[in-house]
Amino acid sequence: MSSIRQFGMGLALIVLILFFQITTGGDVLTSTNVQNLIIGNSYILILAIGMVLVIIAGHIDLSVGSVAAVTGIIVALAIRDWGIPWWLGVLLGLGVGAVIGAWQGFWVAYVGIPGFITTLAGMMLFRGANQWIGQSNSVPVPQGLQDFGAGYLPEWGPNTQLNNSTLLLGILVAVWIVYSEVRRRRAAIRLGIAPPSTRAAVTRVVVSIVVIGYVTYLFGSGRYGTSFPIPGIILLIVAVVYHFIASKTAEGRHVYAVGGNRAAAALSGVNIRRTNFLVMMNMSVLAALAGMIFVGRATSSGPADGTGWELDAIAAVFIGGAAVSGGVGTVLGSVIGGLVMAVLNNGLQLSGVGSDKTQVIKGLVLLVAVAFDVYSKSQGRPSIIGKIFPSRKGRETGTTPGLEEPRPEVPVADGATAAQG
Amino acid sequence: MAAAPAVLEMRSITKEFPGVKALDNVSLTVRLGEIHAICGENGAGKSTLMKVLSGVYPHGTYEGEIYYQGELVEFKDIRSSEHVGIVIIHQELALIPELSIMENIFLGNEVRGRFGIDWGETRRRAEELIARVGLRASPDSLIKNIGVGQQQLVEIARALSKNVRLLILDEPTAALNEDDSEHLLDLLRGLRSKGLTSIMISHKLNEIEEIADSITIIRDGHTVETLDVRAGEINEDRIIRGMVGRSLSSRFPEHEPKIGETFFEVKDWRVEHPEVPGRLVCKDSTFHVRRGEIVGFAGIMGAGRTELARSIFGRSYGRFLSGTITMDGKEISMPDVLSAIKHRVAYVSEDRKALGLNLLDTIQETVISANLPRVSKHSVIDDDRSYLAAEEYRKSLNIKTPTVKEGVSKLSGGNQQKVLLAKWMFTEPDLLILDEPTRGIDVGAKYEIYGLIQRLADSGKGVVVISSELPELMGLCDRIYTVFEGRVTGEIRGADATQEELMRLMTGTGLARAR
Ligand SMILES: Nc1ncnc2c1ncn2[C@@H]1O[C@H](COP(=O)(O)OP(=O)(O)OP(=O)(O)O)[C@@H](O)[C@H]1O
Ligand SMILES: [Mg+2]
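From a predicted model like this one, the values you see are computed outputs, not experimental measurements.

Rules and cut-offs
Residues numbered from 1 in each chain as written. Chains lettered and ligands numbered in written order. Predicted model: local features only at pLDDT ≥ 70, side-chain atom pairs only at ≥ 80, totals over all residues. Heavy atoms only, no water. Helix = DSSP H or I, 4+ residues; strand = E, 2+ residues; numbered from the N terminus. Rg over C-alpha atoms; globule rule 2.2 N^0.38 Å. Buried < 20%, exposed > 50% of the residue type's maximum accessible area, 1.4 Å probe, protein only. Contact = heavy atoms within 4.5 Å. Areas by Shrake-Rupley, 256 points an atom, 1.4 Å probe, with all protein chains shown as cover. Lys, Arg positive; Asp, Glu negative; His and termini not counted. Charge placed at Lys NZ, Arg CZ, Asp CG, Glu CD. UniProt positions renumbered as here; feature names shortened; annotations may be inferred. Phe/Tyr/Trp six-rings, centres within 6.5 Å; stacked < 30°, edge-to-face > 60°. Lys NZ or Arg CZ within 6 Å of the ring centre and 35° of its normal. Domains from an automatic or database assignment. Buried area = accessible area lost by both parts, 1.4 Å probe. Near = heavy atom within 4 Å. Polar contact = N/O pair within 3.5 Å; in protein donor to acceptor, adjacent residues only side chain to side chain. Nonpolar A, V, L, I, M, F, W, Y, C, P; charged D, E, K, R; others polar. Axes fitted to C-alpha atoms, helices over the stretch in contact; angles between N-to-C directions. Left-handed = near helix turned anticlockwise from the far one by under 90°. Salt bridge = Lys/Arg side-chain N within 4 Å of Asp/Glu carboxyl O. Disulfide = S-S within 2.5 Å. Pairing = 2+ DSSP bridges. pLDDT = per-residue confidence, 0-100. Core = buried A, V, L, I, M, F, W, Y, C linked by side-chain atoms within 4.5 Å.

J.: Would you mind showing me how to read the overall build of chain B here?
T.: When helices and strands are counted, chain B shows 18 helices and 22 strands. For chain B, whose C-alpha radius of gyration is 24 Å, the value lies close to the compact-globule estimate of 24 Å for 515 residues. In terms of overall dimensions, chain B has C-alpha extents of about 70 × 55 × 50 Å along its principal axes. Considering chain B as a whole, with its 515 residues, one finds that 58% of them fall into the buried category. Partitioning the intrachain contacts of chain B with sequence separation of at least 6 by distance along the chain shows that 67% fall at a separation of at least 24. Only carbon and sulfur atoms are counted for the fraction: they give 47% of the accessible area of chain B, which is about 20,700 Å². Positive and negative side-chain charges of chain B, numbering 65 and 76 respectively, have mean locations separated by a distance of 2 Å.

Given below as structure tokens:
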């Protein structure tokens, strides 16, 4: 997954938005619609962020919807019956996610049950637990949690025609973009690498700031009392944190190493079990978070919450460029992949396309996106977008098709393999 | 012989990858019935040329023309080149470990009967082919259970089953010991006498001198020259001159060892096979390494050298039974790889694809991968420092790549080996265990790597070299241990070692005397 591809995906997303904007006569890019789009999809995107790590490590998690559901009901009941404040409920929910994650991580990492099986079991187990605990009832949640899942930022300060919280957020993001561009150039100069051409850099910054400005306007100019939604902020934080973890920390590198070549990772001092455990556990924690956001938005926890979420999350990850064989994928790619699906859903709905046809189209898009990916990898040519947005950073994957570079398939138990000498 | 007609002509082949011109106007003429060797430094473009020929890179992705048996051919994939009898055996073997020899030979080319595969006929033909290549194994043995030498023979049997007329071998003997190599070369000679044409890439120049009828030398994507071996005196030095543009006065850099005192000692090391309880892979092995010393381990394939090394390196192989390791006078325990790295022990695997590299990583990511803390602050990896570290090795090891941000899968085989070495040198080991460190590396780069090993030793570290090439061990090592069937059978000073003496100890005939 290269950053070139991420820009390609981003571009595809923009084209998709513009397409629906035109065909619906301007219904897509309205404040209300984009606010709802984020509120209605933030939990899937959060799942996708956890899922991409699971998939990079070479596993899959089918239980996320059920884990979200069981967390939702436990939190709803705890708040209602024990009278704890909503934020304590959220902490409790994250704890529940951690415990469930530890359970699944244990089976995958320490017993060696494939993630597919472990989480297939988990899918039934925690769905059942949700209905058992809640006796298949809906349990309402208080306002605090509802804001958590679908609330808006406060209004304050002078009248700028915009929601000032959103405006501030937009400014912060813009400043950060300029800052990181400057930093990138400084680093390049310090290391004696030719920095990206000034023209390209300026273009990139200007384009980004224009987009940010527009997005800020879009979210901030809705009816009074609305803004960039709170679940969107949670999503933003989760995305930034996990992007950082995946690309800049040892733990992140270990996930790629385990998925890329387990045996080589073991011989490089990577603790395979620990990495697998953490990845599975992390997924359940994020699933719990997603579950609580959803419950807040739905104003109650029900027995059918979260059904089918795993498939949406997995689709987002693969549209975002991850490989089924593991070792490849990015957090940002998955977020973009999730947004593509969300916009598609939304645009088709606004165009009056029924859910039957929407399903068909989404299925085809998934297939075509991945097929396109496979094809362009086998060609190994840099795209036009790559020339506009050259990037020094980012993972380049092996572009060689199967035959010439057989992927190492060495079974390892704790790094042990047959060897000869 | 010179009158034999050309069976293959590749004219002005140019192949570009993004940012690299791997082949620039390369021409190659191969005559009917000859063994044609291709030589050149790592990254010269040898494998790429053969991939162009065999349709791995299909027509249209390169420029130039290929004439085969007088006709212009434009292969669109491997199948179409196999269709006319061109079969390539890649640098990295492409057998399926979980399938049997028989199944591998006929994979993708199954013998069809009336109801699916005709297993009776498959077996009959497999046995015939197995006999033809001189393989001593049952058709039912699984690939994962036979040695590399035998796997190489299975690849040839597979090629023969496809009615090969032009056989391409990319570094077939790189992973083989001398016996297996000799057997393979004999087989090729035998096939030649039956009229088979072959093209062989190798860095083992003595083999080329021995077997090739003509030699084409490639340097930096250009054809330098084609030497006709039968016509004149061709020796290794002549080939090297073509490859690197100058003579190499010696294969090993001058070195005056500065040997200090013993700092690493293994005593009575016993390790059991990971799957077969009761079978010992290390039988009371005892050895020591002194500071500044280069210690060699000689042994035939399967003697247990790799097993010994890996069982020491964080017990990453087999089941530890008993034995002690003393480092700097203190007994230490290295129950896992991480603790081995912390004790500054490093092990460079012989199997770079399966155990050494993550082919999805870039060069930079690979170099830092075994020692992330060294480039991290508060456990955040510093991209700049990683880059600089990788750059340093790119320069000192002369890794051929446009940038260290390039994926390792895009490097030539020898350059991948250098990246693997860099990865472990980056852990700043006190004891560096190198398992077949120069496998697939060209003569010039070998010289550089020997120099590097010597410099490491001179800085007070200990280096252990496991190698199947006895001349390498004799030229490089200050002391050599021999291993036979999991037992250390002898210890000879490098200066005193002779090939005969080593062979005797390696094959167990000297056992009585050594014990
Ligand atoms: N898929 C690829 N993408 C980009 N560059 C490549 C690719 N394959 C090979 N190259 C580059 O082409 C050049 C020639 O590589 P090739 O594998 O042909 O070398 P070689 O002569 O076989 O070397 P060795 O002796 O090390 O095997 C190298 O610089 C290599 O980095
Ligand atoms: Mg090669």
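Right, picking up where we left off after that structure.
J.: Would you mind going over the overall build of chain A with me for this structure?
T.: Looking only at helices and strands, chain A features 16 helices and 2 strands. Counting across all 421 residues of chain A, residues that qualify as buried make up 52%. Sequence-distant contacts, at least 24 apart, represent 79% of the contacts inside chain A between residues at least 6 apart. Of the accessible surface of chain A, which amounts to about 18,600 Å², a share of 69% is contributed by carbon and sulfur atoms.

J.: Would you take a moment to explain the UniProt feature "domain: ABC transporter" (unreviewed entry) in chain B for this structure?
T.: According to UniProt, the "domain: ABC transporter" (unreviewed entry) feature falls on residues 8-245 and 266-510 of chain B. Annotation note: span residues 8-245 of chain B, helix share 34%, strand share 27%, distance between end C-alpha atoms 27 Å.

J.: Help me out: how do you make sense of the packing of aromatic side chains in this one?
T.: A complete count under the given rule lists 19 aromatic pairs over all chains for this structure. With centroids separated by 5.5 Å and ring planes inclined at 70 degrees, the aromatic side chains of Phe17 of chain B and Tyr57 of chain B adopt a geometry described as edge-to-face. Separated by 40 residues along the polypeptide, Phe17 of chain B in strand β1 (residues 6-17) and Tyr57 of chain B in the loop between α1 (46-53) and β4 (63-68) bring together distant segments of the chain. By relative accessible area, Tyr57 of chain B is classed as buried at 11%. Ring centres of Phe263 of chain B and Phe264 of chain B lie 6.4 Å apart, and the angle between their planes is 55 degrees; this geometry places the pair in the tilted category. Linked through ring pairs, Tyr43, Phe294 and Trp309 of chain A together constitute an aromatic cluster. Across the ring face of Tyr57 of chain B, the terminal group of Lys15 of chain B is positioned such that the distance to the ring centre comes to 4.3 Å. In this arrangement the basic side chain of Arg291 of chain B is found over the ring face of Phe263 of chain B, its NZ or CZ atom lying 4.3 Å from the centre.

J.: In this structure, what is going on with the domain arrangement of chain B? I would like to understand it.
T.: How big an interface is tends to be reported as the loss of accessible area on association of its parts. All names here are of chain B. On domain assignment, one finds that chain B holds domain 1 (6-244), domain 2 (258-344 + 429-515) and domain 3 (358-423). In this structure, domain 2 and domain 3 have C-alpha centres spaced 26 Å apart. Between domain 2 and domain 3, the contact holds 11 residues from the first and 7 residues from the second. Between domain 2 and domain 3, a total of about 680 Å² is buried, with carbon and sulfur atoms accounting for 66% of that surface.

J.: Teacher, can you tell me more about the site of ligand 1 here?
T.: All names here are of chain B. Around ligand 1, 22 residues are found, and the nearest of them are Ser47, Thr48, His203, Ser412 and Gly414. A distance of 2.9 Å separates an oxygen atom of ligand 1 from a polar atom in the backbone of Gly45. Take Gly413: an N or O atom from its main chain is 3.5 Å from an oxygen atom of ligand 1. Only β2 (20-31), α1 and α14 (413-425) provide two or more residues apiece to the shell around ligand 1. Top element by residues in the shell around ligand 1 is α1. It accounts for 3 residues. Residues belonging to the shell around ligand 1 are distributed by class as follows: 6 nonpolar, 11 polar and 5 charged. Viewed by domain, the shell around ligand 1 spans two of them, domain 1 (6-244) and domain 3 (358-423), each represented by three or more residues.

J.: Would you take a moment to explain the packing of helix α4 (residues 86-111) of chain A against helix α5 (residues 115-134) of chain A for this structure?
T.: The description of two helices packed together rests on the angle between their axes and the distance between the axes. Residues and elements named next belong to chain A. Look at α4 against α5: their axes get within 9 Å of each other, and the N-to-C directions meet at 145 degrees. Where α4 crosses over α5, the handedness of that crossing is right-handed. Residue-level inspection shows Ile100, Trp103, Gln104, Trp107 and Val108 of α4 in contact with α5, the latter providing Gly115, Thr118, Thr119, Gly122, Leu125 and Phe126. Taken together, the residues of the contact of α4 with α5 break down into 6 nonpolar, 5 polar and no charged.

J.: Got a minute to help me understand the domain arrangement of chain A in this structure?
T.: Residue and element names in this part refer to chain A. Partitioning chain A into structural domains gives domain 1 (2-151 + 230-371) and domain 2 (153-228). Each of domain 1 and domain 2 was reduced to a C-alpha centroid, and the two centroids are 26 Å apart. With 9 residues of domain 1 at the contact, the number on the domain 2 side is 10 residues. Summing both sides of the interface, domain 1 and domain 2 together bury roughly 960 Å²; the carbon and sulfur share of this comes to 73%. Contact with domain 2 buries surface across domain 1, with Ser31, Gln35 and Ile233 losing the most and accounting together for 44% of the total. Inspection of the domain 1/domain 2 interface yields 0 salt bridges.

J.: Help me out: how do you make sense of the state of the cysteines in this one?
T.: Between two cysteines, a covalent bond joining their sulfur atoms is known as a disulfide. All names here are of chain B. Applying the stated criterion to the full structure yields 0 disulfides over all chains. Cysteine Cys282 shares no disulfide, and the gap to the nearest cysteine sulfur, in Cys477, comes to 19 Å. On the basis of relative accessible area, Cys282 is assigned to the buried category, the value being 0%. Look at Cys477 and you get buried, because its relative accessible area is 6%.

J.: So what exactly am I meant to see when it comes to the sheet that holds strand β5 (residues 71-73) of chain B here?
T.: Pairing between sheet strands relies on hydrogen bonds along the backbone, with the strands arranged either parallel or antiparallel. Residue and element names in this part refer to chain B. Taking strand neighbours across the sheet as the criterion, the 4 strands line up as β2-β1-β4-β5 in an open arrangement whose pairing is antiparallel. Single-partner strands in this sheet number two, and they are β2 and β5. Between one strand and the next, the sheet's axes are offset by a mean angle of 25 degrees, whatever the strand orientation. Here 3 bridges tie β4 to β5, and the two strands are oriented antiparallel to one another. Each residue of the ladder has a partner; that of Ile66, found in β5, is Val73. In this fold α1 packs onto β1, β2 and β4, with an angle of close to 115 degrees to the strand it touches most, β1.

J.: Looking at this model, I keep getting lost on the sheet that holds strand β12 (residues 280-290) of chain B. Mind explaining?
T.: All names here are of chain B. Reading across the sheet, the 4 strands line up as β12-β11-β14-β15 and stay open at both edges, with antiparallel pairing between neighbours. Single-partner strands in this sheet number two, and they are β12 and β15 (330-332). Looking at each pair of strands side by side, their axes are set apart by 10 degrees on average, direction ignored. Across 7 bridges, the pairing between strand β11 (residues 262-272) and β12 is antiparallel. Bridge pairing links Val266 to Phe287 in β12.

J.: Looking at this structure, how should I read the confidence of the model for chain B?
T.: Interpretation of the predicted coordinates at a detailed level should be avoided for regions scoring low in pLDDT. Residue and element names in this part refer to chain B. The predicted model of chain B averages 90 in pLDDT, with 98% of residues at 70 or higher. Averaged pLDDT values over the elements of chain B bottom out at 48 in helix α18 (residues 511-514) and peak at 97 in strand β20 (residues 462-466). Overall fold confidence for the complex sits at a pTM of 0.87, while the interface term, ipTM, reaches 0.84.

J.: I tried to follow the nonpolar core on my own but got confused; where do I start?
T.: A general tendency of soluble globular proteins is for nonpolar side chains to be buried together. The biggest cluster of nonpolar side chains holds 92 residues, and the ones touching the most others in it are Phe264, Phe287, Phe297, Ile312, Phe313 and Trp424 of chain B. For this core, the element with the most residues is helix α15 (residues 443-458) of chain B, which contributes 7 residues. Sequence-distant contacts of Phe287 of chain B, defined by excluding residues within four places in its chain, comprise Phe264, Glu265, Val266, Phe297, Leu308, Ile312 and Tyr481 of chain B. Of all hydrophobic cores here, the second largest spans 64 residues; its members include Val238, Tyr242, Met292 and Phe294 of chain A.

J.: What's the story with the pairing of strand β19 (residues 431-435) of chain B in this structure? I'm lost.
T.: Regular strands place side chains that alternate from one sheet face to the opposite one. Residue and element names in this part refer to chain B. The buried fraction of β19 is high, at 5 of 5 residues. Of the two faces of β19, the one holding Leu431, Ile433 and Asp435 and the one holding Leu432 and Leu434 are both buried throughout. The sheet contact formed by strand β16 (residues 345-348) and β19 spans 4 bridges and is parallel. Bridging from a neighbouring strand, Val345 pairs with Leu431 of β19. Relative to β20, β19 is paired through 5 bridges, and the arrangement is parallel. Bridging from a neighbouring strand, Leu431 pairs with Gly462 of β20.

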